[in-house]
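Coordinate analysis (summary)
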Amino acid sequence: QQQVKQSPQSLIVQKGGISIINCAYENTAFDYFPWYQQFPGKGPALLIAIRPDVSEKKEGRFTISFNKSAKQFSLHIMDSQPGDSATYFCAATTTTSGTYKYIFGTGTRLKVLA
Amino acid sequence: NAGVTQTPKFQVLKTGQSMTLQCAQDMNHNSMYWYRQDPGMGLRLIYYSASEGTTDKGEVPNGYNVSRLNKREFSLRLESAAPSQTSVYFCASSAGQRLLTFGSGTRLTVV
């Protein structure tokens, strides 16, 4: 119940195309869903996040779509650029006694071809 | 404006050796975390410290110990390194606002 399942494991997209990464969860106690972006040799960095009372959140070319009933959420990267080539992790968080618990997906390695 | 600083960046150990990975944050965050990242496994929580003076086990604590030295510093110790502990280790911190700030990682190889 604690897992967050992420797909695909890897993704190749042409420059200007749309990149879509999907995540699914089981635990209905999760109440915050961030996405992290990681470039080679660096630590993950927060990209965008959404709460379950919102169905979509957009920041520039990055959009999270959230389907509470299906317990699924996805990251869409519009007009993908070579600079977007990175590994993307979805995550889900919940709180226990005031401490946040993060469960990460297994990651998607995105390569955008020039 | 360093954020989360990890040392060392790279380390090679022989099986059975011990070492301590250091982590310090300058953002006055209460919570700190140690993760390991392995191919196809994502980020798995080893230990965390919700606040100064407290530590708790995460998903994969076996073979590790931690010390929350003060509010800034959270170290991870491998007492007797094993090849299965070859990984990239990330320290992270949080102000309790659901957002993690990660360090740049320590790449550890155990031979």
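Let me sum up the structure you'll find in this document. (Residues numbered from 1 in each chain as written. Chains lettered and ligands numbered in written order. Predicted model: local features only at pLDDT ≥ 70, side-chain atom pairs only at ≥ 80, totals over all residues. Heavy atoms only, no water.)

1. Quick notes on the state of the cysteines
As enumerated under the stated definition, the model contains 2 disulfides over all chains in all. Note that C23 of chain A is cross-linked by a disulfide to C90 of chain A, the S-S spacing being 1.9 Å. Sign of the S-S torsion, about -95 degrees for the bond between C23 of chain A and C90 of chain A, identifies this disulfide as left-handed. With C23 of chain A in strand β3 (residues 19-25) and C90 of chain A in strand β9 (residues 86-96), this residue pair connects regions lying 67 residues apart in the sequence. A relative accessible area of 3% means that C23 of chain A is categorised as buried. The class for C90 of chain A is buried, based on a relative accessible area of 0%. Each disulfide pairs two cysteine sulfurs, and for C23 of chain B the partner residue is C91 of chain B, the sulfurs being separated by 1.9 Å. Disulfide C23 of chain B to C91 of chain B: torsion about the S-S bond roughly -70 degrees, handedness left-handed. Taken together, the residues C23 of chain B in strand β3 (residues 19-25) and C91 of chain B in strand β9 (residues 87-94) connect sequence positions 68 residues apart. For the pair C23 of chain B and C91 of chain B, one class covers both residues: buried. (Disulfide = S-S within 2.5 Å. Helix = DSSP H or I, 4+ residues; strand = E, 2+ residues; numbered from the N terminus. Buried < 20%, exposed > 50% of the residue type's maximum accessible area, 1.4 Å probe, protein only.)

2. Side note on the pairing of β9 of chain A
All names here are of chain A. With 9 of its 11 residues buried, β9 lies for the most part within the structure. Both strand β4 (residues 33-38) and β9 contribute to a ladder of 4 bridges, which runs antiparallel. Within β9, the position partnered with W35 by the bridge is C90. Inspection of the sheet shows β9 paired to strand β11 (residues 108-113) by 3 bridges, in the antiparallel sense. Opposite Y88, over in β11, you have T108 as the bridge partner. One ladder, built from 6 bridges, connects β9 with strand β10 (residues 99-104); its direction is antiparallel. Along β10, the bridge assignment pairs T94 with K101. Counting the residues in the hairpin turn of β9 and β10 gives 2 residues, including S97, whose phi is positive at 55 degrees. (Pairing = 2+ DSSP bridges.)

3. Describing the side chain of R68 of chain B
Residues and elements named next belong to chain B. Here R68 is to be found in strand β7 (residues 64-68). Notably, R68 is buried but unbridged: the nearest opposite-charge side chain belongs to E52, and the N-O separation is 6.3 Å. A polar atom in the side chain of R68 sits 2.9 Å from the backbone oxygen of N30. A polar side-chain atom of R68 sits 2.8 Å from the main-chain carbonyl oxygen of K71. (Lys, Arg positive; Asp, Glu negative; His and termini not counted. Salt bridge = Lys/Arg side-chain N within 4 Å of Asp/Glu carboxyl O. Polar contact = N/O pair within 3.5 Å; in protein donor to acceptor, adjacent residues only side chain to side chain.)

4. Topic: unusual backbone geometry
Here the bond from S7 of chain A into P8 of chain A is cis, since omega is -5 degrees, no more than 30 degrees from zero. With respect to the secondary-structure elements, P8 of chain A resides in the loop between β1 (4-7) and β2 (10-14). Note the cis peptide between T7 of chain B and P8 of chain B, where omega equals -10 degrees. One non-glycine residue, K71 of chain A, lies in positive phi territory at about 55 degrees. One non-glycine residue, N28 of chain B, lies in the positive phi region at around 60 degrees. Looking at the element boundaries, N28 of chain B is found in the loop between β3 and β4 (31-38). For N28 of chain B, a relative accessible area of 55% gives the class exposed.

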